[in-house]
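Here is how the chains run, residue by residue.
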Protein chains: 4
Amino acid sequence: MSEPACAAVPLQWVGPIRITGNVLDDTVEVPLATYESPVWPSVGRGARISRAVAHGVVATLVDDRMTRSILLEADDAYTAHTAVQRLSAEFPHLREIVTASSHYADLIGFHHQITGNLLFLRFEFTTGDASGHNMATLAAERLIDDILLRYPGLRYGSISGNYCTDKKASAVNAILGRGKNLVAELVVPQPLVHERLHTTAARIVELNIRKNLIGTLLAGGIRSANAHYANMLLGFYLATGQDAANIIEGSQGITHTEDRDGDLYFSCTLPNLIVGTIGNGKQLPFVTENLTRLGCREHRPPGDNARRLAAIAAATVLCGELSLLAAQTNPGELMRAHTRYERPATHNGTKP
Amino acid sequence: MSEPACAAVPLQWVGPIRITGNVLDDTVEVPLATYESPVWPSVGRGARISRAVAHGVVATLVDDRMTRSILLEADDAYTAHTAVQRLSAEFPHLREIVTASSHYADLIGFHHQITGNLLFLRFEFTTGDASGHNMATLAAERLIDDILLRYPGLRYGSISGNYCTDKKASAVNAILGRGKNLVAELVVPQPLVHERLHTTAARIVELNIRKNLIGTLLAGGIRSANAHYANMLLGFYLATGQDAANIIEGSQGITHTEDRDGDLYFSCTLPNLIVGTIGNGKQLPFVTENLTRLGCREHRPPGDNARRLAAIAAATVLCGELSLLAAQTNPGELMRAHTRYERPATHNGTKP
Amino acid sequence: MSEPACAAVPLQWVGPIRITGNVLDDTVEVPLATYESPVWPSVGRGARISRAVAHGVVATLVDDRMTRSILLEADDAYTAHTAVQRLSAEFPHLREIVTASSHYADLIGFHHQITGNLLFLRFEFTTGDASGHNMATLAAERLIDDILLRYPGLRYGSISGNYCTDKKASAVNAILGRGKNLVAELVVPQPLVHERLHTTAARIVELNIRKNLIGTLLAGGIRSANAHYANMLLGFYLATGQDAANIIEGSQGITHTEDRDGDLYFSCTLPNLIVGTIGNGKQLPFVTENLTRLGCREHRPPGDNARRLAAIAAATVLCGELSLLAAQTNPGELMRAHTRYERPATHNGTKP
Amino acid sequence: MSEPACAAVPLQWVGPIRITGNVLDDTVEVPLATYESPVWPSVGRGARISRAVAHGVVATLVDDRMTRSILLEADDAYTAHTAVQRLSAEFPHLREIVTASSHYADLIGFHHQITGNLLFLRFEFTTGDASGHNMATLAAERLIDDILLRYPGLRYGSISGNYCTDKKASAVNAILGRGKNLVAELVVPQPLVHERLHTTAARIVELNIRKNLIGTLLAGGIRSANAHYANMLLGFYLATGQDAANIIEGSQGITHTEDRDGDLYFSCTLPNLIVGTIGNGKQLPFVTENLTRLGCREHRPPGDNARRLAAIAAATVLCGELSLLAAQTNPGELMRAHTRYERPATHNGTKP
């Protein structure tokens, strides 16, 4: 293994974005670190619109939990089934084990799946301001130790059974919840749709149906109906010290739009934002600085800084998604934007 | 918008990994930039095993193409259907349009989907050493212009119809191909499985079935049966200037293992590696340096540098996947590894 | 509309199957109505094995509920979010509404999804011995009336929002539960595997991994890893008056097998069996007769007859699945079976 | 095994439906056998609308093929890869083998997937007027025999590798094609939408977006965005001797609608209709009679009768889908319809 070094990913602060809702009421610049430079002006255009509208982007936090699924081998399905029933009755005991494992982790529920003689237990935690991967793993380990000691019909299968599921595209996370579940909404008056986005609400709605909903269904997409959430999430996650591999479930969100008599209702629902303001990566000086500038290192009740960060992430995603969808309603606009914001096209092999 | 800056993502060179196959025969150190530091020793362990085995990791390139799906509105399904038939007959003409758009892009095929009056055309290109997003977009734009001019029953829908599909989890990419399709294989003799991985082939095979195959199916996962490809891909993509949002489809791969009389056959199939050695991000000095050190900036036929990079990425994924699966066969090992390689657990809220 | 008539689907009684578990302990012949005649000997072979084994097929009922998701339009996501919180607190009131709608329906829980300003409420009921489609619809209608009256920020969207989800392939049903969730297990001693199935446990396990798990994942399958559950379910549903369109979710199950020192552990997990012994179709004389012969029209507590029927269905599926998988381990056996049990192949265009 | 008998599934002839397009131009009554009696008036209402509109339901056949995927074990991925390349070059030879196996089967292409050392070959056939399951199996068997003889690095895995995929919900069938791919379209003038469907185009479009597109995506649905295709397909398949287990892939279709200045554009795309007019089940007297009455037993070029049947099936699905969606736009209408068309609700446990 070689000397420590770094990948210096270009970063720009974009915005500010006007954000309101049940988490914050503020106007914040956001940092985006990416090699995909057109993301900056794209989010910037959305941010300008957010500032021109009464409440800006309204970000509503709907849920917040972290999960880890353990995998146990049972003697048979009946043993697994009766174990689940008994574990449900023992919930207060399981919760104590989790509470004893960490100052911040709390067990708030669990789901299960029985397949043949296999038992998957998906534990749900709150983890304060940490994204919670490690807290969840440690708590799950303590739970396994306790369960195996007391249930002779069960044996260790895996500390993670992929029913969690971490950094894999699936349906379970959005259905049962994993990470912070946020809805970002923006209503753009008809004149702004025309002047700033050079399109109409009707055309954006139509494009969203055909591309994000139908196109994604045709592709065999799974709970994922958007144009490019991943671009904004990657930039935001890298700039704020998040584990950016979590953009995989983070990007599984749905854009829903409405034409309200010419005004545009535009929403991005992101049910799996896994972010934290403490933990791995957050101790790096530039990350600390960026989180501080975002107002996410204040003295607040545990979890509030992380929820603020998630709400800002969701608003950022909305800004970029709105801008790209608007661009794609107009033939030729996307390519022109890329040509303008990236290095000269001739370097890219393009013939004039 | 603020001054340019950067996110300094910690990077380590890991390995070297012994890699053979139909793309390269070499022993290469690999750079991984990530906040998830346990990835380094994890890949390192796999790399050591690769060097202890005759052919190392055998990486087989199976396919290579880039795609863009355009979306057209037709008068009706019949108009769409007859247009597709005519376009198929006109393939040489379409190919000329693409060739004229860039020095490197070539049209090698197209698929389609008709849904009601909507026509999705998914064009497939080779794009030399570039990952090819922009080349594909530009070529698609030229194709749209040509088609709309000649087909009065068709109208512009979108330059991208999400049937491409870029940076979204789906089934289409692996079925029809998008990016470089690689299979990485390693056969670990029984003594090495025991000494280096502290487990047995039978236990890894069993875990792979239960966690990666069944666990993922239970989660409603889509063409994604692995433990953590995303972690290695993120680190590799950031270190080599790739658009890391492409880890979303990149991580949709399948780990397949066999117990061969105590020896372990371990394979990772990655059908959607979207990487390039030129294009956006590659001009940054540290990226150029890293690509050069990886031997991916040599004078070779167009595409060969990028295919070498993809093969190295696949081998890197295998090293980390093998190591984590082995660890998860042993109760407690995963948490101990995280505790050792990350900052002191007390900072994380862990109670002793 | 024309005169009443019927489609006379060929029916055979197969077995008997030896079935034990937490629902029944019996040996029962099962009726299968199908045009796919090879299903009869296929299930028959599995049934013979069930009778040669100590406990036969062990069928474990793991869950039982019926669902209906309504779709409401909210002013915005925050209105939807606060409505959900209030509805959770009002659960006893909602339950009363359901209880008042039917002698058998009971509300046992609800889940929700918020997407933009859309609110999906997925109500979960027990419905006695009926499969419960109509009971759930009626209860949902009463719930809508009540909710809309008391929540001015919510408006009618649909009596069914496809998040139920009825007769569509999805992930939600098996994750949250819909219908009866059953696991059928059978341990076949090594000599029986050899004599009756002409194969080995190892070869069946290997085939199950490659075909049912990996093959299905490659196909972009969703929570569906089996060879042909649909065939047995169709036959059983038609013979017992079920709405056979429910084989769509019913067939989304997972076959899991183990090689236990040469003995074969074989399991079929069917989380979405939607069956009833009363309701639509059950009043037909032949259906009544078949249900009676199956012992599913006894005087039992509400729901017990339907659960018995579900357990028999699951055991039937196991018998047919086991037989086909065994056949496919041997080259040529499948075609020979079809040729034997269907009309002469020459009628089918086959050349000698 | 007991004496032959039958399940007498109630059947009604509904319509007639006016159908035009590239397959037929006719007005045909359709038989539906089902226990779900409300399907009859539902399809009937759609049929009446089809007759009141200029071209009726326009059914466009877009594709027609049957598939079978074999599974082979290779020495390693490279062996699999080179085998695929050689097999592609040998296509004429493979085609000869298929042609020699049957008077009707023809090989028109193949796709493949390589996962580790596993090779899935998905062969595509035309099969005349048969749905083609057995023809495809027989041809695949002959292909296996030929391939294994000539490729020493390949071994038998399975005659079916679930990448076909038969009677399982997946993405592959609609992406690569399996069965007959049909689009049914209907434009309903505004006055008819009002008088016959008691709703507006705008409300149906809105419901389709929210329920069929978004609701299905939320449910983790896979290429399946409709209200109840399965109901119509089940009835039609049973009445015409089809293997009704194929409604599983058959029902994976997409409803797409547009509000055209008050007129309603309504389309159902069914990419996986697996139907035949000869083969298993078709020799039953009532089936022969029904197929004859549908005009699907005429002297026509091979395949034309089956394509006619598929087009009628698609039109039937559209009629029922239109009717149900219209009903669900109006609170209370669905339950009233069920109450009217099924047996008295009191039998069902409903309280007044």
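Structural data are supplied above this passage.
Residues numbered from 1 in each chain as written. Chains lettered and ligands numbered in written order. Predicted model: local features only at pLDDT ≥ 70, side-chain atom pairs only at ≥ 80, totals over all residues. Heavy atoms only, no water.

Asker: Can you explain the relation of the copies chain C and chain A? Please cite residues and give values.
Answerer: Between the two chain copies there is a screw-like relation: a rotation about an axis and a shift along it. Note on the copies: chain C fits chain A at an RMSD of 0.0 Å, the axial shift is 0.0 Å, and the rotation between them is 180°. When the rotation and shift are considered jointly, the pair of chain copies conforms to a two-fold rotation axis. The rotation axis passes nearest to the C-alpha of Ala-171 of chain C in chain C, at a distance of 3.2 Å. Of the interface residues in chain C, 100% have counterparts in chain A that sit at the interface too, so the contact is made through matching surfaces. (Least-squares fit on C-alpha atoms with pLDDT ≥ 70 in both. Contact = heavy atoms within 4.5 Å.)

Asker: Please set out the relation of the copies chain A and chain B residue by residue, giving values where relevant.
Answerer: For the pair chain A and chain B, the relating rotation is 180°, the translation along its axis is 0.0 Å, and the fit reaches an RMSD of 0.0 Å. When the interface residues of chain A are mapped onto chain B, 99% of them again fall at the interface, so both copies present the same face.

Asker: Run through the side chain of Arg-45 of chain D, naming residues and quoting values.
Answerer: All names here are of chain D. Tracing the backbone through its elements, the reader meets Arg-45 in helix H1 (residues 39-51). On the accessibility criterion, Arg-45 (12% relative accessible area) is buried. At 2.8 Å, the side chain of Arg-45 forms a polar contact with the side chain of Ser-323. When neighbours within four sequence positions are excluded, Arg-45 is seen to be in contact with Arg-196, Leu-197, His-198, Ser-323, Ala-326, Ala-327 and Glu-333. (Helix = DSSP H or I, 4+ residues; strand = E, 2+ residues; numbered from the N terminus. Buried < 20%, exposed > 50% of the residue type's maximum accessible area, 1.4 Å probe, protein only. Polar contact = N/O pair within 3.5 Å; in protein donor to acceptor, adjacent residues only side chain to side chain.)

Asker: Break down the nonpolar core for me, citing the residues and quoting the values.
Answerer: Soluble globular proteins tend to bury their nonpolar side chains together. Leu-121 of chain A, Leu-121 of chain B, Leu-121 of chain C together with Leu-121 of chain D are the most contacted members of the largest nonpolar core, which has 508 residues in total. Each residue touching Leu-121 of chain C, except ones within four places of it in the same chain, is listed here: Arg-68, Ser-69, Ile-70, Leu-72, Val-84, Leu-87, Phe-110, His-111, His-112 and Ile-147 of chain C. (Core = buried A, V, L, I, M, F, W, Y, C linked by side-chain atoms within 4.5 Å.)

Asker: Which residues make up the packing of helix H2 (residues 77-89) of chain D against helix H3 (residues 91-101) of chain D, and what values do they have?
Answerer: All names here are of chain D. It is at 5 Å that the axes of H2 and H3 come closest, and there the two elements cross at 75°. Considered as vectors, H2 and H3 are oriented roughly perpendicular to each other. Taking contact as the criterion, the partners of Leu-87, Ser-88 and Ala-89 in H2 are, on H3, Phe-91, Pro-92 and Leu-94. Residue composition of the contact of H2 with H3, grouped by class: five nonpolar, one polar and no charged. (Axes fitted to C-alpha atoms, helices over the stretch in contact; angles between N-to-C directions. Parallel < 35°, antiparallel > 145°, perpendicular 65-115°, else oblique. Nonpolar A, V, L, I, M, F, W, Y, C, P; charged D, E, K, R; others polar.)

Asker: So what's going on with the pattern of salt bridges? Which residues, and what values?
Answerer: In this structure the tally under the stated criterion is 100 salt bridges over all chains. Residues Lys-180 of chain B and Asp-64 of chain B are paired through a salt bridge, measuring 2.8 Å at the closest nitrogen-oxygen approach. Note that Lys-180 of chain B is positioned in strand S7 (residues 179-188) and Asp-64 of chain B in strand S3 (residues 57-74), a separation of 116 residues in sequence. Note that Asp-63 of chain D and Arg-65 of chain D form a salt bridge whose closest N and O atoms lie 2.9 Å from each other. (Salt bridge = Lys/Arg side-chain N within 4 Å of Asp/Glu carboxyl O.)

Asker: Hey, could you go over the side chain of Asp-166 of chain A for me, with residue numbers and the actual values?
Answerer: Tracing the chain through its elements places Asp-166 of chain A in the loop between strand S6 (154-158) and helix H5 (172-176). Among the polar contacts made by the side chain of Asp-166 of chain A, one reaches the side chain of His-133 of chain A at a distance of 3.4 Å. Reaching out from Asp-166 of chain A, the side chain makes a polar contact with the side chain of Asn-246 of chain A at a distance of 3.2 Å. Contact partners of Asp-166 of chain A, with chain neighbours within four places excluded, come to His-133, Arg-178, Asn-246 and Glu-249 of chain A together with Ala-227 of chain B.

Asker: Please provide a residue-by-residue account of the pairing of strand S8 (residues 254-260) of chain A, values included.
Answerer: Looking down a regular strand, the side chains alternate between one sheet face and the other. Residue and element names in this part refer to chain A. Judged by how many residues are buried, S8 sits mostly within the fold: five of seven residues are covered. Relative to strand S9 (residues 263-273), S8 is paired through seven bridges, and the arrangement is antiparallel. Counterpart to Thr-255 in the pairing with S9 is Cys-268. Linking S8 to S9, which pair antiparallel, is a turn of two residues; within it Asp-261 sits at a positive phi near 55°. (Pairing = 2+ DSSP bridges.)

Asker: Go over helix H7 (residues 201-218) of chain A, please, and point to the residues and values.
Answerer: Residue and element names in this part refer to chain A. Over its 18 residues, H7 runs 24 Å from end to end, which matches the ideal 26 Å to within 8%, given 1.5 Å per residue. In the structure, H7 departs most strongly from a straight axis at Asn-208, where the bend amounts to approximately 30°. Within H7, 15 of the 18 residues are buried, which leaves the element mostly enclosed by the surrounding structure. Gly-220 sits one or two residues past H7 and shows a positive phi near 70°. (Expected span 1.5 Å × (residues − 1). Bend = angle between axes of the 7 residues up to and from the residue.)

Asker: Just give me the short version of the interface of chain C and chain A, but keep the residues and values in it.
Answerer: At the interface, 35 residues of chain C touch 35 residues of chain A. Buried surface at the junction of chain C and chain A, both sides included, amounts to about 2,500 Å², of which 57% is carbon and sulfur. The interface formed by chain C and chain A contains zero salt bridges. For the pair chain C and chain A, the number of links is 16 residue pairs in polar contact (both at pLDDT 80 or more). Secondary-structure elements contributing two or more residues to the side of chain C that touches chain A are strand S3 (57-74), helix H2 (77-89), strand S4 (106-115), helix H5 (172-176), strand S7 (179-188), strand S8 (254-260) and strand S9 (263-273) of chain C. Taken together, the residues of the side of chain C that touches chain A break down into 16 nonpolar, twelve polar and seven charged. (Buried area = accessible area lost by both parts, 1.4 Å probe.)

Asker: So what's going on with H3 of chain D? Residues and values would help.
Answerer: Residue and element names in this part refer to chain D. Where H3 is concerned, the buried positions are Leu-94, Ile-97, Val-98 and Ser-101. One side of H3 holds all its buried residues, which, seen down the axis, span an arc of 95°. Of the residues in H3, the exposed ones pointing more than 90 degrees away from the buried face are Pro-92 and Glu-96. Packing partners of the buried residues in H3 comprise H2, strand S4 (106-115), strand S5 (118-126) and helix H4 (133-150). (Arc of directions from axis to C-beta.)

Asker: Describe the packing of aromatic side chains, naming the residues involved and giving the relevant values.
Answerer: Scanning the entire structure with this criterion turns up four aromatic pairs over all chains. Their ring planes at 50° and their centres at 5.8 Å tell us that Phe-110 of chain A and Phe-123 of chain A sit as a pair that is tilted. Taken together, the residues Phe-110 of chain A in strand S4 (residues 106-115) and Phe-123 of chain A in strand S5 (residues 118-126) connect sequence positions 13 residues apart. For the residue pair Phe-110 of chain A and Phe-123 of chain A, the accessibility class agrees, reading buried in each case. Sitting above the plane of the Tyr-151 of chain B ring, Arg-86 of chain B keeps its charged end 3.9 Å from the centroid. The ring of Trp-13 of chain D has Arg-293 of chain D sitting right over it, with the charged end atom 3.7 Å from the ring centre. (Phe/Tyr/Trp six-rings, centres within 6.5 Å; stacked < 30°, edge-to-face > 60°. Lys NZ or Arg CZ within 6 Å of the ring centre and 35° of its normal.)

Asker: Give a detailed account of the interface of chain A and chain B, specifying residues and quantitative values.
Answerer: Counting residues at the interface gives 106 residues for chain A, matched by 105 residues for chain B. Carbon and sulfur atoms make up 59% of the surface buried where chain A meets chain B, a total of about 8,700 Å² over both sides. The interface formed by chain A and chain B contains four salt bridges. The partner of Glu-73 of chain B in a salt bridge is Arg-210 of chain A, with the nearest N and O atoms 2.5 Å apart.

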